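# Examination of the molecular architecture
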Amino acid sequence: PYELVRGNLSPLRPTGSRASEVAIAAAAELYNYVKKTRAGRVTGANGAYALSATCLRVPDVGFYVPAKAVQITDPRKYLPFAPDLVVEVVSPEDRAGNLMETVLDYLEAGTALVWVIYPDLRSVAVHMPNYTTKLFSADGVLDGGDLLSDLQIAVADLFPNNEDAL
């Protein structure tokens, strides 16, 4: 699998089980919220979004509001818009510059919130369209901002506990 970044193909690399578990936890929290509130749709690591003619991104988790669904002409293909919320989980192989490029691509395409989760630090950086960032530690609570005003997720709930491991 690939992403299209500024007209160039960029291979997606496996992230390992830890990053995958964190992404699933974030997706589950968002999915459960969306299922209850009917606030939109949640996509996983196979959900590709066309941010522009030269940029196709695949977030670990994506969310979009129901109004965007009318733009989908073929549900088997990439989504023809930017997600409203993105979750990216940092793996040991990720480079800071590439990660920031990804965040900027989403924000410039109209994404309202980009949550970057750092499993090793048990923290989350929330990037917003005004190019400000809020940092949340494991004892913090994420919110959905203006996009999902009543969403609350304890940061600690995003990280698997050691005693939960098999």
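Preceding block: the structure.
Residues numbered from 1 in each chain as written. Predicted model: local features only at pLDDT ≥ 70, side-chain atom pairs only at ≥ 80, totals over all residues. Heavy atoms only, no water.

Moving on, we come to unusual backbone geometry. One non-glycine residue, Arg-38, adopts positive backbone phi at about 55 degrees. With a phi close to 65 degrees, Tyr-131 is a non-glycine residue in the positive phi region. Checked against the element boundaries, Tyr-131 lands in the loop between strand 9 (123-127) and strand 10 (133-136). (Helix = DSSP H or I, 4+ residues; strand = E, 2+ residues; numbered from the N terminus.)

One finds Val-87, Trp-115, Ile-117, Val-124, Val-126, Leu-142 and Leu-158 to be the most contacted residues of the largest nonpolar core, which totals 28 residues. Those elements giving two or more residues to this core turn out to be helix 1 (17-37), strand 6 (61-64), strand 7 (85-89), strand 8 (113-118), strand 9 and strand 12 (148-154). Grouped together as the second largest cluster of nonpolar side chains are 15 residues, Cys-55, Ala-82, Val-103 and Val-114 included. (Core = buried A, V, L, I, M, F, W, Y, C linked by side-chain atoms within 4.5 Å. Buried < 20%, exposed > 50% of the residue type's maximum accessible area, 1.4 Å probe, protein only.)

Structurally, the α-helix is built with 3.6 residues per turn, so residues lying three or four positions apart point the same way. With 14 residues, helix 2 (residues 96-109) ought to run about 20 Å at 1.5 Å a step, and its terminal C-alpha atoms sit 20 Å apart, in line with that. Within the sequence span of helix 2, burial applies to Leu-99, Thr-102, Val-103, Asp-105, Tyr-106 and Leu-107. Trailing helix 2 by a residue or two, Gly-110 shows a phi angle of about 110 degrees, which is positive. (Expected span 1.5 Å × (residues − 1).)

Strand order across the open sheet formed by 6 strands is 3-6-7-8-9-10, with mixed pairing between neighbours. Unpaired on one side and paired on the other, strand 3 (41-43) and strand 10 mark the two borders of the sheet. Taken pair by pair, the neighbouring strands of this sheet meet at an average axis angle of 15 degrees, ignoring direction. Here 4 bridges tie strand 9 to strand 10, and the two strands are oriented antiparallel to one another. Within strand 10, the residue paired with His-127 across the bridge is Thr-133. Those strands touched by helix 1 are strand 3, strand 6, strand 7 and strand 8, and its axis lies near 160 degrees from that of strand 7. Across the face of the sheet, helix 2 comes into contact with strand 7, strand 8 and strand 9 while running at roughly 160 degrees to strand 8. (Pairing = 2+ DSSP bridges. Axes fitted to C-alpha atoms, helices over the stretch in contact; angles between N-to-C directions. Contact = heavy atoms within 4.5 Å.)

The next thing to look at is the environment of Phe-81. Within the secondary structure, Phe-81 is located in the loop between strand 6 and strand 7. Residues within four places of Phe-81 in sequence aside, it is in contact with Tyr-49, Ala-50, Tyr-64, Lys-68, Gln-71 and Ile-72.

Now for the pattern of salt bridges. According to the stated counting rule, one finds 5 salt bridges in the structure shown. Note that Arg-57 is salt-bridged to Asp-105, the shortest N-O span being 2.7 Å. Separated by 48 residues along the polypeptide, Arg-57 in strand 5 (residues 55-57) and Asp-105 in helix 2 bring together distant segments of the chain. Pair check on accessibility: Arg-57 and Asp-105 agree, each one buried. Put simply, Asp-84 and Lys-68 hold a salt bridge, and the shortest N to O gap is 3.1 Å. One end of the pair, Asp-84, is in the loop between strand 6 and strand 7; the other, Lys-68, is in the loop between strand 6 and strand 7, and 16 residues separate them in sequence. Take Asp-84: its relative accessible area is 9%, and that puts it in the buried class. Residue class for Lys-68 comes out buried when judged on its relative accessible area of 16%. Ionic contacts of the salt-bridge type, sharing partners, join the residues Arg-57, Glu-101 and Asp-105 into one network. (Salt bridge = Lys/Arg side-chain N within 4 Å of Asp/Glu carboxyl O.)

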